[in-house]
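One-letter residues, chain by chain:
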Amino acid sequence: MPLEDLGRLILAKRNASGLGIRAAAREVGISHGTLARVEKGFLPDLENYEKICRWLGIREEAVPTQSPAPNIPQVHFRREKTATANTAAALARMIMAAQASFPKDRK
Amino acid sequence: MIALRRGFKTWCENAARGYRRELGLSPIGRLDPRILAKHLRITIWAPAEIPGLDPKDVQHLTVTARESWSAATLRNGDASLIIINNRHSETRQNNSLAHEIGHIVLRHEPAKMYVTPDGLMMMSEYNDMHEEEATWFAGAILLPRDALLDVIRRGLPDRDAADYFGVSVAVFQMRRNRTGVDIQLTRRRGTWAP
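Cut-offs and rules
Residues numbered from 1 in each chain as written. Chains lettered and ligands numbered in written order. Predicted model: local features only at pLDDT ≥ 70, side-chain atom pairs only at ≥ 80, totals over all residues. Heavy atoms only, no water. Helix = DSSP H or I, 4+ residues; strand = E, 2+ residues; numbered from the N terminus. Buried < 20%, exposed > 50% of the residue type's maximum accessible area, 1.4 Å probe, protein only. Contact = heavy atoms within 4.5 Å. Areas by Shrake-Rupley, 256 points an atom, 1.4 Å probe, with all protein chains shown as cover. Lys, Arg positive; Asp, Glu negative; His and termini not counted. Charge placed at Lys NZ, Arg CZ, Asp CG, Glu CD. Core = buried A, V, L, I, M, F, W, Y, C linked by side-chain atoms within 4.5 Å. Buried area = accessible area lost by both parts, 1.4 Å probe. Salt bridge = Lys/Arg side-chain N within 4 Å of Asp/Glu carboxyl O. Polar contact = N/O pair within 3.5 Å; in protein donor to acceptor, adjacent residues only side chain to side chain. Nonpolar A, V, L, I, M, F, W, Y, C, P; charged D, E, K, R; others polar. Pairing = 2+ DSSP bridges. Arc of directions from axis to C-beta.

Trainee: Lay out the overall build of chain B with the relevant residues and their values.
Mentor: Counting its regular elements, chain B contains 9 helices and 5 strands. The secondary structure elements of chain B, listed N-terminal to C-terminal, are α-α-β-α-β-β-α-β-β-α-α-α-α-α. In terms of its C-alpha atoms, chain B occupies a principal-axis envelope of roughly 65 × 30 × 30 Å. Sorting the 194 residues of chain B into buried and exposed places 54% on the buried side. Counting contacts in chain B only where the partners sit at least 6 residues apart, residues at least 24 apart contribute 64% of the total. A total of about 9,300 Å² of accessible surface is found on chain B, and carbon and sulfur atoms cover 48% of it. Each charge sign in chain B was given a centre, from 27 positive and 23 negative side chains, and these centres are 7 Å apart.

Okay, here's the thing in structure tokens:
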């Protein structure tokens, strides 16, 4: 299942249980703004992703598991807490390209 | 608002003074974060300067999704690289750079970046305390209390003061409010009442 399907599953569970976005967000343990954005197809960070999976009752393995990059980049990121799939992919390629060109001895 | 560690704000003011001294600047002078980064041996790249990054990705990150991100810092051993969104205004870039320098100087543990099988980026966590500390550090470095007191005493309009220090008016006013310099000056004039 593609990660973007998280939004569809959230909406389905909300509809089935009659929960508004704020009530659902309280149950998940994240802000309603973040949950609303994920429901629209934006991707959460890993911490929120895990909370949403727990709330949905999905084993995290049921969603494609995250495969760490060969050499996991260590990053501080100043950005929106969620991103569109296109942006998340472009950011990943930017970081991977930068890491490949930025060896330890470059000081 | 998150409570900062005891003594943290004072430490930031001392750091702002110390960096200006090392760079030969006045304690109340403007500090260009690009010069500070060079002094600290931190590399800065714009997306277009990253070798091997597809121009379509550069286009997406700097035009289509330019409001989605401001900057990223990569750590590799002792070396640090800041990637800056150079399509933002100069004042916003200054603030983003000072913020990222804060993460490096404060030795904040970076998050781990994972790439899903679909090629999407997911970060391991978002540390609110680290973000708050880096934000405060950036404000103190760009606009130390001594500098704020000086421009307010001289009656410089907020817009002119913000331009001089290379920050937005919003950042200038935020520092003015959060540092309590106005109250400090009013007390000295003997007109402050709790």
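Trainee: Explain the nonpolar core to me, using residue names and the numbers behind them.
Mentor: Counting residues in each nonpolar core, the largest one holds 26 residues, and the members touching the most others are A:Val75, A:Phe77, A:Met94, A:Ile95, B:Ile50 and B:Ile83. Broken down by secondary-structure element, the contributors of at least two residues to this core are strand 2 (74-79) and helix 5 (85-101) of chain A together with helix 3 (55-64), strand 2 (69-76), strand 3 (79-84), strand 4 (111-115) and strand 5 (121-123) of chain B. Take this core: its biggest share by element is 7 residues, from helix 5 of chain A. Grouped together as the second largest cluster of nonpolar side chains are 22 residues, B:Ala16, B:Leu36, B:Leu97 and B:Ile141 included.

Trainee: Requested: an account of the interface of chain A and chain B, with residues and values cited.
Mentor: Counting residues at the interface gives 45 residues for chain A, matched by 53 residues for chain B. A buried area of about 4,700 Å², summed over both sides, lies between chain A and chain B, and 65% of it is on carbon and sulfur atoms. Sorting the residues of chain A by area buried against chain B places A:His76, A:Arg78 and A:Phe102 first, and these three jointly supply 20% of that buried surface. Applying the counting rule to chain A against chain B returns 1 salt bridge. Note that A:Arg93 is salt-bridged to B:Asp57, the shortest N-O span being 2.7 Å. Here chain A and chain B share 5 residue pairs in polar contact (both at pLDDT 80 or more) between them. For the side of chain A that touches chain B, the secondary-structure elements that each account for two or more residues are helix 4 (46-56), strand 1 (67-68), strand 2 and helix 5 of chain A. With 16 residues, helix 5 of chain A is the single largest residue contributor to the side of chain A that touches chain B. Of the residues belonging to the side of chain A that touches chain B, the class tally is 25 nonpolar, 9 polar and 11 charged. Bridge analysis of strand 2 of chain A against strand 4 of chain B gives 2 bridges, and the strand direction is antiparallel. Counterpart to A:Val75 in the pairing with strand 4 of chain B is B:Ala111.

Trainee: Which residues make up helix 8 (residues 169-179) of chain B, and what values do they have?
Mentor: Residue and element names in this part refer to chain B. Of all the residues in helix 8, the buried ones are Val169, Val171, Phe172, Arg175, Arg176 and Thr179. Buried residues of helix 8 fall within an arc of 170° about the axis and therefore sit on the same side. In this structure, helix 8 carries Ala170 and Asn177 as exposed residues pointing more than 90 degrees from its buried face. Gly180 occupies a position one or two residues after helix 8 and carries a positive phi of about 70°.

Trainee: Talk me through the pattern of salt bridges; I want residue IDs and the actual numbers.
Mentor: All names here are of chain B. What the rule picks out here adds up to 13 salt bridges over all chains. For the salt bridge of Arg175 with Glu13, the shortest nitrogen-to-oxygen distance reads 3.0 Å. Placement of the pair is Arg175 in helix 8 and Glu13 in helix 1 (residues 8-22), with a sequence separation of 162 residues. Each member of the pair, Arg175 as well as Glu13, is classed as buried. Residues Asp163 and Arg159 are paired through a salt bridge, measuring 3.2 Å at the closest nitrogen-oxygen approach. Taken as a pair, Asp163 and Arg159 lie in helix 7 (residues 158-165) at a separation of 4 residues, close to a single helical turn. If you follow the salt bridges from partner to partner, you end up with Asp158, Arg176 and Asp182 in one network.

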